[in-house]
Every structure is written in structure tokens, then in C-alpha cells.
Amino acid sequence: MKKLFTLSILAFVIISICLSSAAAAEFTPKKEYTMTINVTNTYAWGMGGQRWADLIAEKTDGKIVVKPYFGSQLLAGKQMNWLQAVAEGSIDFAVESTINSSAVVKSHNLFSLPFFIKTFENLDKIENGESGKMLFDEMERMQVIALAWGENGFRQVTNSVRPITSPADLKGLRVRVCPTAIYDDIFKALGADPIHMNWADAVTGFQQGAVDGQENPYGVLLPVSIWEYHKYITNWNYLADPLIFCLNKKLWDSFPDDIKAAVREAAEEAAEWEKAYARRGLDGDISINLLKDKFGDEPEVLDQVAYVKSKGGEVVDLTSEQVDAFIEATQSVTDKWIDIIGKDLVDAAIADMNQ
Ligand code: X2X
């Protein structure tokens with residue numbers, strides 16, 4: 001009896017050892033995972049992606065190696081295709097803009113509703129609120145796990161012809177926009193001529209004068225020295241451009257818990273830094289202090305608007321009456337797109353902003 005007992009304990013121990021080593025052996029990381037990013041590593045966005053990859057390596061003791069591919073290299077420059085690629089697993093990770101997924105996921109146009117979000121505070125409330133959760137849940141249903149919100153920024157309009165202070169000033173201007181429908185509607189409503197161009201081709205387009213203007217956040221205007229092509233910059237915060245730190249769901253599900261925790265922590269830390277870097281000087285001292293106190297980082301350019309001015313950019317700030325004229329001119333676009341985005345999500349976003 002005693003012998004039987006000892007034998008069964010022994011059998012139990014052996015089986016347990018076998019099972020646990022089988023579980024450990026079950027996960028063998030790939031030698032290298034891919035990450036797609038639409039811009040280069042000279043932008044806050046690109047630096048944020050690189051930082052996520054570096055932190056993943058650090059926090060997993062080198063077990064998970066992620067290689068960022070910049071400039072949508074893995075997509076042959078087709079920036080609008082990233083979400084499908086991550087969903088089907090042909091690309092593993094992404095730090096990408098909701099604009100670039102908005103053709104595939106209609107709800108991502110929420111951030112492109114003209115003059116809807118307007119402030120960093122509102123944007124944070126959406127990202128951290130119910131509407132932000134709805135957006136992440138929807139991505140999970142599409143096989144993409146979203147871990148953190150980063151930021152390209154509030155987009156400002158630039159051009160080489162004249163200062164823009166009213167919709168009439170945009171009349172007839174050829175404006176490069178991201179290849180997506182809501183931008184067409186907005187710029188047509190304002191009397192401009194929207195031209196689709198992938199970012200991979202856009203700067204050459206500016207150099208060659210193929211367009212009169214474009215729109216992008218300060219985090220993009222500085223690295224491409226926009227003042228060299230477009231002297232006039234209007235700060236109108238007309239729409240927001242968040243980034244999502246995310247990865248393929250099947251890959252995520254294959255990770256053991258400790259790897260999941262490390263990848264998530266790395267995303268949160270990299271996104272917090274990236275957002276602060278993109279916002280520096282645009283939200284008073286908040287982001288500058290966060291970079292310094294939390295990350296020990298003191299970037300060379302602290303005031304991005306002043307920097308653009310120092311390079312010869314003519315920067316216009318709109319009065320609230322001037323903004324009202326743009327809101328009025330784009331009201332039909334808002335009405336149309338609320339239905340496409342989904343009223344439930346828009347209402348949730350309004351409720352979040354009112355919190
Ligand atoms: O294409 C753009 O304008 C850019 C770089 O901002 C995005 O990828 C959304």
C-alpha cells in the first residue's frame with residue numbers, strides 16, 4: 001500500500017515535470033518580428049515605435065526581437081493597408097495612425113470629424129474613456145490587439161500661396177491629403193482641391209510643387225522642414241491624429257503571460273514618452289516636464305511653433321470667430337460622417353469629452 005502511494009507520488013511528480021516543460025517548450029519565439037510605421041525614425045512617431053521595440057527586447061531579456069520597418073516599407077508605401085496586414089498576420093506589430101486604418105475601419109474616422117475634438121484634454125478623455133475602449137474592442141474583433149494610444153498630433157494646414165484665415169483662402173488650392181474619403185469631403189467643402197498622395201511620395205510632391213499645400217501635425221512639420229516648401233502655417237487643430245501601438249491577435253495569444261505583460265508594459269511606456277515628445281511645447285509645460293521628470297529627457301527643440309517661426313514660417317493662430325467659419329463650412333461633412341462612423345460611438349465620445 002505504502003509502495004503504491006510512493007509510486008503514485010513519483011508518477012505525479014514526473015508527469016508534472018513533463019507537462020510544465022512541455023508548456024515552456026510550446027512557445028518558441030520567432031527569430032525576429034516585424035513592425036510597420038508610416039514615417040521614419042526622425043519623427044516622434046518613428047522614435048516611439050523604435051522605443052517600443054527596444055523596451056520589448058529589454059523587458060523580455062532579448063527573447064522577443066522586433067524590427068521596425070519605417071516609411072511603410074513593408075507595404076510598398078501603401079499606408080492605408082497596415083491594418084489588414086496586421087490583422088492577417090503578414091506584419092506582426094504596428095505603431096500606426098487611425099487615419100491610415102480609416103478606410104478599413106469606418107469608426108476610426110471619429111478622430112477626423114472636423115472640429116470635433118479640438119483639445120488634448122478632449123482627446124485624452126476619448127482615449128481613456130468608453131469610446132476609446134469601444135475602438136480597441138472593435139480592433140480585437142478584427143484580430144488586432146491594441147495596447148496603447150500614441151500621437152501624431154492635431155493636424156495643421158500649410159501652403160505656399162497665402163495665409164489661411166477663412167475658408168475663402170483655401171479656394172482653389174491643391175492640397176495633398178491622406179488617401180481617404182473624409183479628407184476629400186472636408187477639403188471640397190472648404191473649396192480646395194484635395195489630392196491623394198501616400199506620405200512616401202508627399203515630400204517629393206512638395207519639392208516639385210505638385211501641390212500648393214498639405215496638412216499635418218507639428219511632429220511631422222519639423223522633421224520635413226515644411227517651411228522650405230510652405231511658408232504659411234495655420235494652427236486650426238481641425239482634427240486629431242492618434243497612433244495605436246498594436247499587434248496581431250494570434251501572435252498575442254501565443255505569448256506566455258510573462259511575455260504579454262512585458263510587451264504591454266513596453267507599449268504603455270513607449271506610448272507615454274512618444275505622446276509627450278509629440279506634444280512638447282504645445283500643451284504649456286506639461287509634456288516638457290513629463291519628458292524631463294519621468295524620462296530624464298530634454299529635447300533640443302522644446303517650443304515647436306517658435307522653432308518653425310525661427311525658420312521663417314509664418315504662423316497664423318485663428319480667433320474663435322474665424323474657427324466658427326470653418327466649422328460652419330464643414331457642418332455637412334460632420335452630419336454625413338456621424339452616420340458612417342456610427343452614432344453610438346460618436347455619442348460615447350461626446351459623453352467622454354463631457355466627463
Ligand atoms: O500621411 C500623413 O499625412 C501622415 C504621415 O501624417 C500619416 O501617416 C497619417
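Worth saying up front: this structure is predicted, and the values here are computed from it rather than measured.

*Asks:* Mind showing me how you'd approach the overall build of the protein chain here?
*Replies:* From N to C terminus, the protein chain includes 16 helices and eleven strands. Its C-alpha atoms give the protein chain principal-axis dimensions of about 95 × 45 × 40 Å. Total accessible area computed for the protein chain in this model is approximately 15800 Å², and 52% of it derives from carbon and sulfur atoms. One way to put it: in the protein chain the 34 positive side-chain charges average out to a point 5 Å from where the 50 negative ones average out.

*Asks:* Sorry if this is basic, but what is going on with the environment of isoleucine 340 here?
*Replies:* Tracing the chain through its elements places isoleucine 340 in helix α15 (residues 331–341). Remark: the alpha-carbon pair of isoleucine 340 and histidine 196, spanning 144 residues in sequence, is separated by 21 Å.

*Asks:* Can you help me understand the sheet that holds strand β4 (residues 144–151) in this one?
*Replies:* In sheet architecture, strand pairing relies on hydrogen bonds along the backbone and comes in two forms, parallel and antiparallel. The five strands are arranged β2-β1-β3-β10-β4 in an open sheet whose pairing can be described as mixed. Of all the strands in the sheet, the pair left with one neighbour each is β2 (66–69) and β4. Each adjacent strand pair in this sheet contributes to an overall mean axis angle of 20°, direction not counted. Relative to β2, strand β1 (residues 33–36) is paired through four bridges, and the arrangement is parallel. Considered in β2, the bridge of threonine 36 is made with tyrosine 69. Seen against the sheet, helix α2 (residues 44–59) touches β1, β2, β3 (93–97), β4 and β10 (242–248) and runs at an angle of roughly 155° to β3. Taken strand by strand, helix α5 (residues 130–141) contacts β4 and β10, and its axis lies near 140° from that of β4.

*Asks:* Would you mind showing me how to read the pattern of salt bridges here?
*Replies:* For side chains of opposite charge, pairing can occur when their charged atoms come near one another. Summed over all chains, the structure comprises 17 salt bridges. Of the charged contacts in the structure, one is a salt bridge between arginine 155 and aspartate 241, with a shortest N-O distance of 2.7 Å. Taken as a pair, arginine 155 in strand β5 (residues 155–159) and aspartate 241 in the loop between β9 (232–239) and β10 lie far apart in primary sequence, 86 residues in all. One salt-bridge network, held together by shared partners, links Asp124, Glu127, Glu151, Lys275 and Arg279.

*Asks:* Can you walk me through helix α11 (residues 257–279) in this structure?
*Replies:* For an α-helix, 3.6 residues make a turn, and residues three or four places apart therefore share a direction. The end-to-end C-alpha distance of α11 is 33 Å, a good match for the 33 Å that 23 residues give at a rise of 1.5 Å each. Once α11 finishes, glycine 281 follows within two positions and takes phi at roughly 80°, a positive value.

*Asks:* Honestly, unusual backbone geometry in this entry has me stumped. Any pointers?
*Replies:* With the exception of glycine, most residues fall at negative phi, and the peptide bonds are largely trans. One non-glycine residue, glutamine 143, lies in the positive phi region at around 80°. Within the fold, glutamine 143 resides in the loop between α5 and β4. Despite not being glycine, asparagine 237 shows a phi value in the positive range, around 40°. Looking at the secondary structure, you find asparagine 237 in strand β9.

*Asks:* Can you help me understand the packing of α5 against helix α16 (residues 343–353) in this one?
*Replies:* When two helices pack together, their arrangement is given by the angle between the helix axes and by the axis-to-axis distance. Contact geometry for α5 and α16: axes closest at 7 Å, N-to-C directions at 145°. Residues Glu130, Ser131, Gly132, Met134 and Leu135 of α5 pack against Asp344, Leu345, Ala348, Ala349 and Asp352 of α16. Tallied by class, residues from the contact of α5 with α16 come to five nonpolar, two polar and three charged.

*Asks:* Explain the nonpolar core to me, please; I cannot follow it from the model alone.
*Replies:* A general trend in soluble globular proteins is that nonpolar side chains are found buried together. Counting 55 residues, the largest nonpolar core has Leu110, Leu170, Phe187 and Trp236 as the members making the most contacts within it. A domain-level breakdown of this core finds at least three residues from each of domain 1 (29–152 + 241–295) and domain 2 (156–240 + 301–353). Setting aside residues no more than four positions away along its own chain, phenylalanine 187 makes contact with Leu170, Val175, Val177, Ala192, Pro194, Glu215, Trp236 and Tyr238. Within the second largest apolar cluster, 50 residues are counted, among which are Ala148, Ile226, Leu243 and Val263.

*Asks:* Can you walk me through the side chain of arginine 176 in this structure?
*Replies:* Looking at the element boundaries, arginine 176 is found in strand β6 (residues 174–177). At 2.7 Å, the side chain of arginine 176 and the backbone oxygen of methionine 197 are in polar contact.

*Asks:* Can you help me understand the site of the ligand in this one?
*Replies:* With respect to spatial proximity, 14 residues lie near the ligand, and among them Asn38, Gln79, Arg155, Arg176 and Asn216 are the closest. The side chain of asparagine 38 places a nitrogen or oxygen atom 2.7 Å from an oxygen atom of the ligand. Side-chain polar atom of asparagine 152 to an oxygen atom of the ligand: 3.1 Å apart, as the coordinates give it. Against a free-state accessible area of 270 Å², the protein chains account for coverage of 100% of the ligand. Per-class residue counts for the shell around the ligand are five nonpolar, six polar and three charged. Viewed by domain, the shell around the ligand spans two of them, domain 1 (29–152 + 241–295) and domain 2 (156–240 + 301–353), each represented by three or more residues.

The rules behind these values
- Residues numbered from 1 in each chain as written.
- Predicted model: local features only at pLDDT ≥ 70, side-chain atom pairs only at ≥ 80, totals over all residues.
- Heavy atoms only, no water.
- Helix = DSSP H or I, 4+ residues; strand = E, 2+ residues; numbered from the N terminus.
- Areas by Shrake-Rupley, 256 points an atom, 1.4 Å probe, with all protein chains shown as cover.
- Lys, Arg positive; Asp, Glu negative; His and termini not counted.
- Charge placed at Lys NZ, Arg CZ, Asp CG, Glu CD.
- Pairing = 2+ DSSP bridges.
- Axes fitted to C-alpha atoms, helices over the stretch in contact; angles between N-to-C directions.
- Contact = heavy atoms within 4.5 Å.
- Salt bridge = Lys/Arg side-chain N within 4 Å of Asp/Glu carboxyl O.
- Expected span 1.5 Å × (residues − 1).
- Nonpolar A, V, L, I, M, F, W, Y, C, P; charged D, E, K, R; others polar.
- Core = buried A, V, L, I, M, F, W, Y, C linked by side-chain atoms within 4.5 Å.
- Buried < 20%, exposed > 50% of the residue type's maximum accessible area, 1.4 Å probe, protein only.
- Domains from an automatic or database assignment.
- Polar contact = N/O pair within 3.5 Å; in protein donor to acceptor, adjacent residues only side chain to side chain.
- Near = heavy atom within 4 Å.

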